[in-house]
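Structural features, examined
One letter stands for each residue in the lines below.
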2 protein chains.
Amino acid sequence: MAVKLVTIKEDILKDNNEMSKMLREKFSKSKTLVMNLMSSPGAGKTSTILETIKRLGDDIKTAVIEGDITSTVDADKLDAVGVPTVQINTGGSCHIDSSMIEQAIEDFDTDPYDFIIVENVGNLVCPAEFEVGEDLRVMILSVPEGHDKPKKYPLMFTETEACILNKTDLLPYTDFDMKEFTDTVMGLNRKSKIFPVSMKTGEGVDEWVEWLRKRIVEKTGP
Amino acid sequence: MAVKLVTIKEDILKDNNEMSKMLREKFSKSKTLVMNLMSSPGAGKTSTILETIKRLGDDIKTAVIEGDITSTVDADKLDAVGVPTVQINTGGSCHIDSSMIEQAIEDFDTDPYDFIIVENVGNLVCPAEFEVGEDLRVMILSVPEGHDKPKKYPLMFTETEACILNKTDLLPYTDFDMKEFTDTVMGLNRKSKIFPVSMKTGEGVDEWVEWLRKRIVEKTGP
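Residues numbered from 1 in each chain as written. Chains lettered and ligands numbered in written order. Predicted model: local features only at pLDDT ≥ 70, side-chain atom pairs only at ≥ 80, totals over all residues. Heavy atoms only, no water.

A word on the relation of the copies chain A and chain B
Rotating chain A by 180 degrees and translating it 0.0 Å along the rotation axis places it on chain B, where the RMSD comes to 0.0 Å. Such values leave the two copies arranged in the relation of a two-fold axis. A shared interface surface links the copies, since 100% of the contact residues of chain A are contact residues in chain B too. (Least-squares fit on C-alpha atoms with pLDDT ≥ 70 in both. Contact = heavy atoms within 4.5 Å.)

Pasting the structure below:
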């Protein structure tokens, strides 16, 4: 059964990469930067999105494609503050793939947007394997999850350009070892940019947003 | 592509359920209670296992089947305190299935054990779909993940008998709404038993262990 599974997976990944390439060409024409944002459940994807959009300001037109197994809990939060949002319900699937993005944007014109955030399903494993037409892959780890997570879920750390370390306000109440965490991430992916932040207190968020702003402007042009 | 995926999944689940039934018959003969323990990454599965085994004491012979994508980080922690442990590396797969359990116990005689804990891969989605020959399914949610998780990942809450709410020591530093959490879990699965605990301070752990001890003794006999 293991072999059967692997074969199927290869086919799926190949189909997905082809569709991802088509999406990338579309977003390239419209000069839209697409970011695939991934993390475990509850690491703070939605609060990161809300705070990031607020700090990016009105100069950068942003929309969100929101992925969930079921429910519209997160999309409702974004909608409440006026962020243009498309909801994908994956119907049980533990990650978003390119065909879901294609369906999501069928009735949603993404061309006017400078920046699209794809909020992936909360999962530290599978989303890293599936491209969704993105330019930029970012992950969030939260302090209470522990400093050993890069060792246990290495693919997510090697396949992302930046790692937001959220909930630093909880550092005094946990045994999170910042040096061990940083060393492990750098060992896996020495180009990774680590941003320690607290979306609750705002600590470190400016550094993250200014790095991101540069990436968006590189794509959209001056 | 979506239809293709669904068909494959049905075949896999059917094969898995058949193998799970065979495992269940084996564990029934040896009067071994098997618990499938699931959670997001970093919710505290390994610390729960360590604390639970310590409190169950020597009367109940316990072993652990440890599932990880890669690495032996958790198995090493268990081994360090003398817990008999078998490591499964899933090689990328985001959950354990019954064929992995069958392979794991090929060279490990489980008959002498009263209680086997299967520590699943950290993932709040897929593990709930795959039986592993278990009698008892338990999940852990940790306070920092947030009270909205049952709404977003309902299958994990409906498919488990008990929900350990870990890291209650962090309640004062988060906006976790205990009433909303409990109401949502009860709405999904009114038979679910919720155990608020802190594996760090020990608060609430006795209630969980005594409930579990009863379940083990029901299976092993007096």
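There is more to say, and it comes next.
Examining the packing of aromatic side chains
For the structure shown, the criterion picks out 13 aromatic pairs over all chains. Between Phe157(B) and Phe181(B), the aromatic rings sit 6.5 Å apart at their centres with planes inclined by 75 degrees, giving edge-to-face as the arrangement. Pair noted here: Phe157(B) is in helix α6 (residues 154–158) and Phe181(B) is in helix α7 (residues 178–188), with a separation of 24 residues, a long-range link. Phe181(B) shares its class with Phe157(B); the two are buried. Every member of this aromatic cluster is reached through a ring pair, and the members are Phe157(A), Phe176(A) and Phe181(A). (Phe/Tyr/Trp six-rings, centres within 6.5 Å; stacked < 30°, edge-to-face > 60°. Helix = DSSP H or I, 4+ residues; strand = E, 2+ residues; numbered from the N terminus. Buried < 20%, exposed > 50% of the residue type's maximum accessible area, 1.4 Å probe, protein only.)

So, the pattern of salt bridges
Inspection of every chain in the model, using the stated rule, returns 37 salt bridges over all chains. With a shortest N-O distance of 3.0 Å, Arg55(A) and Glu51(A) are connected by a salt bridge. Of this pair, Arg55(A) and Glu51(A) both sit in helix α2 (residues 45–56), four residues apart, which is roughly one turn of that helix. On the basis of relative accessible area, Glu51(A) is assigned to the buried category, the value being 15%. Salt bridges here are not isolated pairs; linked through shared partners, they connect Asp148(A), Lys149(A), Lys152(A), Asp68(B), Asp74(B) and Lys77(B). (Salt bridge = Lys/Arg side-chain N within 4 Å of Asp/Glu carboxyl O.)

Looking at the interface of chain A and chain B
With 42 residues of chain A at the interface, the matching set in chain B holds 42 residues. The contact between chain A and chain B buries some 3300 Å² in all, and 63% of this surface belongs to carbon and sulfur atoms. Counting across the chain A and chain B interface gives six salt bridges. Note that Lys77(A) is salt-bridged to Asp148(B), the shortest N-O span being 3.6 Å. Inspection of the chain A/chain B interface yields eight residue pairs in polar contact (both at pLDDT 80 or more). Residue assignment for the side of chain A that touches chain B shows that the elements contributing at least two residues are α1 (2–29), α3 (73–80) and α5 (149–152) of chain A. In terms of residue count, α1(A) provides more of the side of chain A that touches chain B than any other element does, seven residues in total. (Buried area = accessible area lost by both parts, 1.4 Å probe. Polar contact = N/O pair within 3.5 Å; in protein donor to acceptor, adjacent residues only side chain to side chain.)

With respect to the packing of α2(A) against α3(A)
All names here are of chain A. At a minimum axis separation of 10 Å, α2 and α3 run at an interaxial angle of 15 degrees. With respect to each other, α2 and α3 are oriented roughly parallel. Crossing handedness for the pair α2 and α3: right-handed. Residues Thr-46, Ile-49 and Leu-50 of α2 form the contact with α3, whose own contacting residues are Asp-74, Lys-77 and Leu-78. (Axes fitted to C-alpha atoms, helices over the stretch in contact; angles between N-to-C directions. Parallel < 35°, antiparallel > 145°, perpendicular 65-115°, else oblique. Left-handed = near helix turned anticlockwise from the far one by under 90°.)

A closer look at the environment of Val185(B)
All names here are of chain B. Position of Val-185 among the secondary structure elements: in helix α7. Considering only alpha carbons, one finds Val-185 and Lys-149, 36 residues apart in sequence, at a separation of 9.4 Å. Ignoring anything within four residues of it in the chain, the contact list for Val-185 reads Pro-150, Phe-157, Ser-192 and Ile-194.

Observations concerning the sheet that holds strand β1 (residues 33–39) of chain B
Residues and elements named next belong to chain B. As summarised here, the arrangement of the seven strands in space is β3-β2-β4-β1-β5-β6-β7, forming an open sheet in which the pairing is parallel. A single partner strand is all that each edge strand has here, and the edge strands are β3 (85–89) and β7 (193–196). Direction aside, neighbouring strands of the sheet carry axes that sit 20 degrees apart on average. Here strand β2 (residues 62–68) pairs with strand β4 (residues 115–119) via five bridges, running parallel. By the bridge assignment, Glu-66 is partnered in β4 with Glu-119. Where helix α2 (residues 45–56) meets the sheet, its contacts fall on β1, β2, β4, β5 (136–142) and β6 (162–166), and the angle it forms with β4 comes to roughly 170 degrees. (Pairing = 2+ DSSP bridges.)

Section: the nonpolar core
For soluble globular proteins, the rule of thumb is that nonpolar side chains tend to be buried together. Grouped together as the largest cluster of nonpolar side chains are 74 residues, with contacts concentrated most on Phe181(A) and Phe181(B). Excluding its chain neighbours within four sequence positions, the residues that come into contact with Phe181(B) are Leu141(B), His147(B), Pro150(B), Phe157(B), Cys163(B), Leu165(B), Phe176(B) and Ile194(B). (Core = buried A, V, L, I, M, F, W, Y, C linked by side-chain atoms within 4.5 Å.)

Re the confidence of the model for chain A
Low pLDDT marks stretches whose predicted atomic positions should not be read closely. Residue and element names in this part refer to chain A. Summing up the model confidence of chain A, the mean pLDDT is 93 and the portion of residues at 70 or higher is 95%. Scored below 50 in pLDDT, residues 1–6 shows seven contacts in the model against residues more than four places distant or in partner chains. For this predicted complex, the interface confidence score (ipTM) comes to 0.90, while the overall pTM stands at 0.93. (pLDDT = per-residue confidence, 0-100.)

Describing α7(B)
All names here are of chain B. All of the buried residues along α7 are Phe-181, Thr-184 and Val-185. Buried residues of α7, viewed axially, fall in a sector of 95 degrees; they line one side. Away from its buried face, by an angle of more than 90 degrees, α7 presents the exposed residues Lys-179 and Gly-187. Packing partners of the buried residues in α7 comprise β5, α5 (149–152), α6, β6 and β7. The backbone nitrogen of Lys-179 lies 3.2 Å from a side-chain oxygen of the residue at the head of α7, namely Asp-177. (Arc of directions from axis to C-beta.)

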